[in-house]
Amino acid sequence: PDKRHDLIHVPNSSFIYDYSLNNQNYTFFGVVFDIKKDNDVTNFRYQVWYNSTINYNQTDPFGSRVSSVVRGLDEAIMTYANNNPNIQASVDIDLKDFPTIALQNLDDAAVSMVGSVFFFCSAMVIFINSLNTIVTEKENKIRYCMEMMGLYKSVYWLSWFIVYFVLILINSLCTIFFGMIFQYSVFINTNFIVLFLLFFGYGIGMITLGFFLTTFVNSSRIFVLIIGFLFQSFVFSNGYLAYLWWSTSVPQLFRYLFSFLPFFNFGRIYYDIAQLSGSSINIITGMTVSGKGFKLSDLSKIPETSISYILDLDYLDAPINSVLYYLINIILYSILTLYFDNIIPNEFGNCQSFYYFLLPSYWGLSKSDNNSNEWVKNVLNKYPATYNKEKVDSDVLEHINHTCDPSNNDPIKVVNLKKKYGKGKNEKVVVNGSYLSLTKDRGKLNFFLTQNGAGKSTTINIMAGLTPPTSGDVSVFGKTLTNDINGVQRELGICPQHDILYPDMTAMEHLLLYTGLKGVTTENLDKILEERLKAVKLWTVKDARTNTYSGGMKRRLSMIIATIGDPNVILLDEPTTGMDPLNRRHVWRFIEKFKKNRCIVVTTHSMEEADALGDEIIIMSNGDIKAIGNGVHLKNKFGTGYHISMIAKEKKIDEIKNKVQEFVPGAKLEDDSAGALIYNFTKEQLQYIPEFIKYLDDNPDNLISNWGISQTTLEEVFLLVIQDSSNRKTAKN
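Here the structure is a predicted model, which means the values were calculated and not measured.

Undergrad: Can you walk me through the overall build of the protein in this structure?
TA: On a plain count of helices and strands, the protein comes out with 26 helices and 18 strands. For the protein, the proportion of its 733 residues judged to be buried stands at 44%. Sequence separation of at least 24 residues holds for 70% of the intrachain contacts in the protein that already meet a minimum separation of 6.

Undergrad: What is the right way to look at helix α20 (residues 551-562) in this model?
TA: Structural remark: α-helix, 3.6 residues per turn; residues separated by three or four positions point the same way. Between the first and last C-alpha of α20 there are 17 Å, a value that for 12 residues agrees with the 16 Å anticipated at 1.5 Å per step. Along α20, 10 of the 12 residues are buried, which leaves the element largely enclosed by surrounding structure. When we look at burial in α20, the residues that qualify are G552, M553, R555, R556, L557, S558, M559, I560, I561 and A562. Looking at the buried positions of α20, the neighbouring elements they touch are β10 (492-495), α18 (507-518), α19 (525-535), β11 (569-573) and α21 (581-594).

Undergrad: Help me understand the pairing of β10, please; the structure alone is not making it clear to me.
TA: If a strand is regular, its side chains alternate between the two faces of the sheet. Across the two faces of β10 the burial is the same, with L492 and I494 and G493 and C495 all buried. Sheet topology note: the β10/β11 ladder contains four bridges and is parallel. Directly across from L492, in β11, lies its bridge partner V569.

Undergrad: I keep staring at the sheet that holds strand β8 (residues 471-476) and nothing clicks. Help me out?
TA: Each strand in a sheet pairs with its neighbour through backbone hydrogen bonds, running either in the same direction (parallel) or in the opposite one (antiparallel). What the four strands build is an open sheet, ordered β6-β5-β8-β9; its pairing is antiparallel. Across the chains shown, the open sheet's two edge strands, defined by having one partner strand only, are β6 (428-438) and β9 (479-480). As paired strands, strand β5 (residues 412-421) and β8 are joined by five bridges and run antiparallel to one another. Among the inter-strand pairings, I412 is bridged to a residue of β8, identified as V476. Most of the contacts of helix α15 (residues 394-403) go to β6, to which it runs at about 65 degrees, and overall it touches β5 and β6. Sheet contacts for helix α16 (residues 456-463): β5, β6 and β8; angle to β5, the most-contacted strand, approximately 120 degrees.

Undergrad: I keep staring at the packing of aromatic side chains and nothing clicks. Help me out?
TA: Ring pairs (aromatic) are described by centroid distance and by the angle formed between their planes. Tallying each qualifying case throughout the model produces 40 aromatic pairs. Ring centres 5.2 Å apart and planes at 45 degrees place the aromatic pair W157 and F211 in the tilted group. With W157 in helix α6 (residues 153-181) and F211 in helix α8 (residues 192-214), this residue pair connects regions lying 54 residues apart in the sequence. The pair formed by W157 and F211 is uniform in burial state, with each residue classed as buried.

Undergrad: What is the right way to read the pattern of salt bridges from this model?
TA: Pairing between side chains becomes possible if they bear opposite charge and their charged atoms approach one another. Using the criterion set out here, one finds 27 salt bridges in the structure. Taking the shortest distance from any N to any O, the salt bridge between K637 and D395 comes out at 3.0 Å. Of this pair, K637 sits in helix α23 (residues 631-638) while D395 sits in helix α15, and the two are 242 residues apart along the sequence. A relative accessible area of 26% places K637 in the partly exposed class. Owing to a relative accessible area of 14%, D395 belongs among the buried residues under this scheme. Counted as one network, the salt bridges with shared partners bring together R143, E147, K153 and D341.

Undergrad: I'm lost on the environment of L241 in this one. Help?
TA: Looking at where L241 falls in the secondary structure, it is placed in helix α10 (residues 239-244). In this structure L241 comes out as buried when scored by relative accessible area, which is 16%. Residues L241 and I307, 66 residues apart in the sequence, show an inter-C-alpha distance of 9.6 Å.

Undergrad: Any chance you could explain the environment of G72 here in plain terms?
TA: Locating G72 in the fold gives a position in helix α3 (residues 64-81). C-alpha of G72 to C-alpha of S90: the two residues are 18 residues apart in sequence and 8.9 Å apart in space.

Undergrad: How should I be thinking about the UniProt feature "transmembrane region" (unreviewed entry) in the protein in this particular structure?
TA: Within the UniProt annotation, "transmembrane region" (unreviewed entry) is assigned to residues 113-135, 155-181, 193-215, 222-246, 252-271 and 323-340. Helix and strand shares over residues 113-135 are 100% and 0% respectively, and the end C-alpha atoms of the span are 36 Å apart. Note that residues 323-340 is 100% helix and 0% strand, and that its end C-alpha atoms are spaced 26 Å apart.

Undergrad: Could you clarify how one ought to interpret the packing of α8 against helix α12 (residues 262-277) in this entry?
TA: Working note: a packed helix pair is described by the angle between its axes plus the distance between those axes. Taken N-terminus to C-terminus, the directions of α8 and α12 make an angle of 170 degrees; their axes are 9 Å apart at the nearest point. Relative to α12, the element α8 lies roughly antiparallel. Residues V194, L198, F199, Y202, G205, M206 and L209 of α8 form the contact with α12, whose own contacting residues are P262, F263, F266, I269, Y270 and I273. Looking at side-chain class alone, the contact of α8 with α12 contains 12 nonpolar, one polar and no charged residues.

Undergrad: Which parts of the structure should I look at to understand α19?
TA: Among all positions in α19, only L525, L529, R532 and L533 are buried. Mapping the buried residues of α19 onto a view down its axis gives an arc of 100 degrees, with all of them on the same face.

Cut-offs used in this document
- Residues numbered from 1 in each chain as written.
- Predicted model: local features only at pLDDT ≥ 70, side-chain atom pairs only at ≥ 80, totals over all residues.
- Heavy atoms only, no water.
- Helix = DSSP H or I, 4+ residues; strand = E, 2+ residues; numbered from the N terminus.
- Buried < 20%, exposed > 50% of the residue type's maximum accessible area, 1.4 Å probe, protein only.
- Contact = heavy atoms within 4.5 Å.
- Expected span 1.5 Å × (residues − 1).
- Pairing = 2+ DSSP bridges.
- Axes fitted to C-alpha atoms, helices over the stretch in contact; angles between N-to-C directions.
- Phe/Tyr/Trp six-rings, centres within 6.5 Å; stacked < 30°, edge-to-face > 60°.
- Salt bridge = Lys/Arg side-chain N within 4 Å of Asp/Glu carboxyl O.
- UniProt positions renumbered as here; feature names shortened; annotations may be inferred.
- Parallel < 35°, antiparallel > 145°, perpendicular 65-115°, else oblique.
- Nonpolar A, V, L, I, M, F, W, Y, C, P; charged D, E, K, R; others polar.
- Arc of directions from axis to C-beta.

In structure tokens, the structure reads:
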């Protein structure tokens, strides 16, 4: 057809037939007249040919347009038969559907036909919750801190599996019982064990899949739900698509790949059940027909389906195979979760080798190197020392030699510890070859004193086994990070820089949780926990959730958690951050009391805290240990001497200045304001100080009204050491 015609005359009916066949959907109607005249009576007969594809609708097989054409033809014939064109015939036609019986139990039929799409979501709620909970623990570092406190990875996953096992069990039973209460034929006509296997197996499979996903990603919750919903909506929307994957029309590789998705197996089993138990609507009668039921024995039978007349279902198997795939999914994803959780680096970069399960140490068969001397030699052979003796402080050099001394039996040793981030131009050295021996005597408080980013927290994280070192090793009571990281962590108690708290748990619940992780079975445990909570003033709020705590209260609870199980070594990373002066004093008293027969390492920015508590102070700068010793020793070595302040009586300032030069030649005046004089006396002038102090105390000339003496502060020492380090770095650049 080159152009459109409204009405065209054709020779005969054969022309209409051939033209419509060769030019489909171009012709709407065709009319074939058969007019006969007998005894002056004209008989008008005609046939209407119509395009059913265009005119058919759901309720009228002919369509209203066909009726309109017939009416128009009849009116034209009647007008023509009257032989009077002034008389127009008019015919009215009313169309009405024939009454049918209303469909019953549409909801039941819908559950049977597309129920897999909706019941798929029942376990997905728990699945989303599991992803959210586990990912949140990773983001808040709670899990890693629990591992530092002695939690095994396998125990962690087993505990969550038990929790969600119970939730899935309850969810499965509730789904089945509610389906029976609402009298859905899929539920009331199906064996209870079959239904339980359907929902429970699917739920456990999804949970283990969720565990596996959390080892790779931090946010897959909504994505998996959407993908799963669309998958179920498409694949199991009708029988053809449901069984297509078992036909010869599709490569069987797709079916095997999809079988690793629990919701694919769920959809297949549900559809098999619905074929026998579910209700369907008879197309001819419009009535709902109930299924005969699905028995336990039907699990082992290949389902009979009308789809086999359309598809060659040569690979269709029994529903029991999908149940077995459930089991395979659960076992496979559980194993993969444990494996990838160990070999994929966490946010601190800590992980194990891909063959870790083949190592004897993983099975507890390796022996710790209890020979400290041999261990030090092995570490130094593997990681040779790189420090320059001429540029290292004498005290630090002496400490390095002591650390490597064969006769040294200190409980904690850090040998040539280094940590680098990045590569090439972006490389940053955070810890640069640290040597530590802590402590010469158990019961000492060792303080790391540094500015931000100097490497103290990184050193603590490495010692705790949280962050892997680039080189070097750490030994804690004969156990080393390289050989027995779990053994090292069992010796430790740690208060990390970030609070290791669950917001919806109370202080007492936290303590009981960590006592369980530590395996504490002391008979008077309740009394011990009470004493420690009272010591840091948390006893009155022990039953309040930690999300109601202030920052200082959370730090105090985190510090108490570090003492659970009375570990031999305690690492406290800035434990008093965010505390007011009063509560800080309570914590100081507790630490001072608790240090007996223990080795405690503390990092801090507080000079006052280090000066008041530190038995040994370690000053770090740019990843290097710059100074080490107790507070008095550091002040004497790096300090500028003593400061003496005097308040002069009226108009006596010049006389006092003369007296100072008389008693201490070369004394330096640091401040002169409003009658107050401050002098600095160097270490070379110390010999003059006793006599000058005697003069000030006696005040024979009545020149001063008040005076005082102070040594160089730890803050001044710290700034001098850091400034010297920065100057060296600038000169090197």
